[in-house]
Amino acid sequence: MRESLFLLASLLVIERVASLGCMVKVCDGNEKNELRKCPDRDGSCGEYKGKRSDGILLDAIDLRCDAGRKVFAPIDGQMEFYRPFGSRKDKKCADAGVKIEGTGQWQGYVVYISSVELDHFGGAVKAGDELGMAMDRVCNEDESQKGVEPHLQITVIKAGQPIDPTYHLQQCMCTGQICEGNIANTLLGAPFKSDSRYNGVKGYDIECAMIEEEDEEGKRRAPMIYSPITGEIMGRARTHFDANGYYSGCENDAVFIVGTEQWIDFEARIYNARYREDLPLGRHRIVQGQPIAVRLTCEDSPDSIFVEVRHQGRVIDVSDMITAEKCKLPNLFN
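Residues numbered from 1 in each chain as written. Predicted model: local features only at pLDDT ≥ 70, side-chain atom pairs only at ≥ 80, totals over all residues. Heavy atoms only, no water.

Under the annotation held in an unreviewed UniProt entry, the protein chain carries the name M23ase beta-sheet core domain-containing protein and is attributed to Pristionchus mayeri. Regarding the protein chain, the relevant UniProt record gives this comment under Sequence similarities (unreviewed entry): "Belongs to the LECT2/MIM-1 family." (UniProt positions renumbered as here; feature names shortened; annotations may be inferred.)

1. Examining the sheet that holds strand β21 (residues 291-295)
Reading across the sheet, the three strands line up as β15-β21-β19 and stay open at both edges, with antiparallel pairing between neighbours. Each having just a single partner strand, β15 (224-226) and β19 (273-275) make up the two edges of the open sheet. Sheet twist, expressed as the mean angle between neighbouring strand axes with direction ignored, is 45°. As judged from the three bridges shared by β19 and β21, these two strands associate in the antiparallel manner. Pairing of arginine 274 across the sheet is with valine 294, part of β21. (Pairing = 2+ DSSP bridges. Helix = DSSP H or I, 4+ residues; strand = E, 2+ residues; numbered from the N terminus. Axes fitted to C-alpha atoms, helices over the stretch in contact; angles between N-to-C directions.)

2. Let's talk about the packing of aromatic side chains
For the coordinates displayed, the defined rule picks out seven aromatic pairs. Ring centres of tyrosine 198 and tyrosine 271 lie 5.2 Å apart, and the angle between their planes is 25°; on these two criteria the pair is classed as stacked. Highlighted residues: tyrosine 198 in the loop between β11 (193-195) and β12 (201-207) and tyrosine 271 in strand β18 (residues 266-271), separated in sequence by 73 residues. We classify tyrosine 271 as buried; its relative accessible area is 5%. Three or more aromatic residues joined by ring pairs make a cluster, and in this case those are Tyr198, Tyr271 and Phe306. Directly above the aromatic system of phenylalanine 256 lies the positively charged group of arginine 269, at a separation of 4.1 Å from the ring centroid. (Phe/Tyr/Trp six-rings, centres within 6.5 Å; stacked < 30°, edge-to-face > 60°. Buried < 20%, exposed > 50% of the residue type's maximum accessible area, 1.4 Å probe, protein only. Lys NZ or Arg CZ within 6 Å of the ring centre and 35° of its normal.)

3. What about the side chain of glutamine 170?
With respect to the helices and strands, glutamine 170 occurs in the loop between α3 (166-169) and β11. For glutamine 170, the side chain forms a polar contact with the main-chain oxygen of asparagine 33, separated by 2.6 Å. Apart from the residues within four sequence positions on either side, glutamine 170 is in contact with Lys32, Asn33, Glu34 and Leu35. (Polar contact = N/O pair within 3.5 Å; in protein donor to acceptor, adjacent residues only side chain to side chain. Contact = heavy atoms within 4.5 Å.)

4. Describing the sheet that holds strand β6 (residues 116-118)
The strand order β2-β8-β6 describes an open sheet built from three strands, whose pairing is antiparallel. The outermost strands of the open sheet, each flanked by one partner alone, are β2 (70-72) and β6. Sheet twist, expressed as the average angle between the axes of neighbouring strands with direction ignored, equals 45°. In the sheet, β6 pairs with strand β8 (residues 130-134) via three bridges, with the strands oriented antiparallel. Across the sheet, the residue bridging to leucine 118 is glycine 132, located in β8.

5. Structural notes on the state of the cysteines
Counting across every chain of the model gives six disulfides. With a sulfur-sulfur separation of 1.7 Å, cysteine 93 is cross-linked through a disulfide to cysteine 139. Here the S-S torsion is close to 95°, and the disulfide linking cysteine 93 with cysteine 139 is therefore right-handed. Of this pair, cysteine 93 sits in the loop between β3 (77-82) and β4 (97-102) while cysteine 139 sits in the loop between β8 and α2 (143-146), placing them 46 residues apart in sequence. Cysteine 139 sits in the buried class, given a relative accessible area of 19%. One disulfide bridge connects cysteine 179 with cysteine 208, the sulfur atoms lying 2.0 Å from each other. A torsion of 80° about the S-S bond marks the disulfide between cysteine 179 and cysteine 208 as right-handed. Here cysteine 208 lies in the loop between β12 and β13 (211-212) and cysteine 179 lies in the loop between α3 and β11, a separation of 29 residues in the sequence. (Disulfide = S-S within 2.5 Å.)

This is the structure:
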């Protein structure tokens, strides 16, 4: 029974932590959040800053979605109804949408989606919650514009400025939450720095404080560590050894992961962390967000973990992927 509860809790954790920076499916039937064609039938383009049918360059994307399809919240937040066309009479048949102000890891983001006939008009939503049904967004346009692919228009604002949400919606390569209790992968100090505590490797010092037990006041436990990538866990790694070739010291522990699937050719090493003893020994598959380790609690253990990322054996700077600032894979061959 206890093992079943732990497995259930782990699955719930995976669902939550794997989403850092990555938005879920928005339209039923469009599993990969694909955009409408560019160029489309009338020469317009649904990409970010693409020229629309009226010649305007929009800070938005057009996501393929047939009228009548279910529409889902891409992020956690507070939703409300809005009119994308400002109550214009000639746009009445498509003048409905949803505004979601992000919460949790999405604090500071605002997402606008139109045109949507909403099931409800306000309240808290979680990523993946059903919002309503897609409407015909070009219902009042001329015949040339009606030939474009049916779509939703999505605008994403961050810190008051529009951003390109393409790689938050598709081919998302952000790492996901790595330490329990740090939902945004908050860094200590500068990103991508050398650290003498771990043989001078370059990487990311990620805040990872002890967790307060909810049911026992004053008691704290080591936080869980989640895999930043999908791959095969290789087990324990060590940072140093003595003159006789022996590994020693409480803090001399790390976890080593080799990437698979979209993370092929990547490696991740997490220092100041110990491989979970309840996991099987040897090489085996893990998914991004799976709890694979716990932070060390040695006398000198810092309230952080250090993450090193390599591609084809070379240490690389993936700061934006760690912090979810951008989820597009950078050029790794400069």
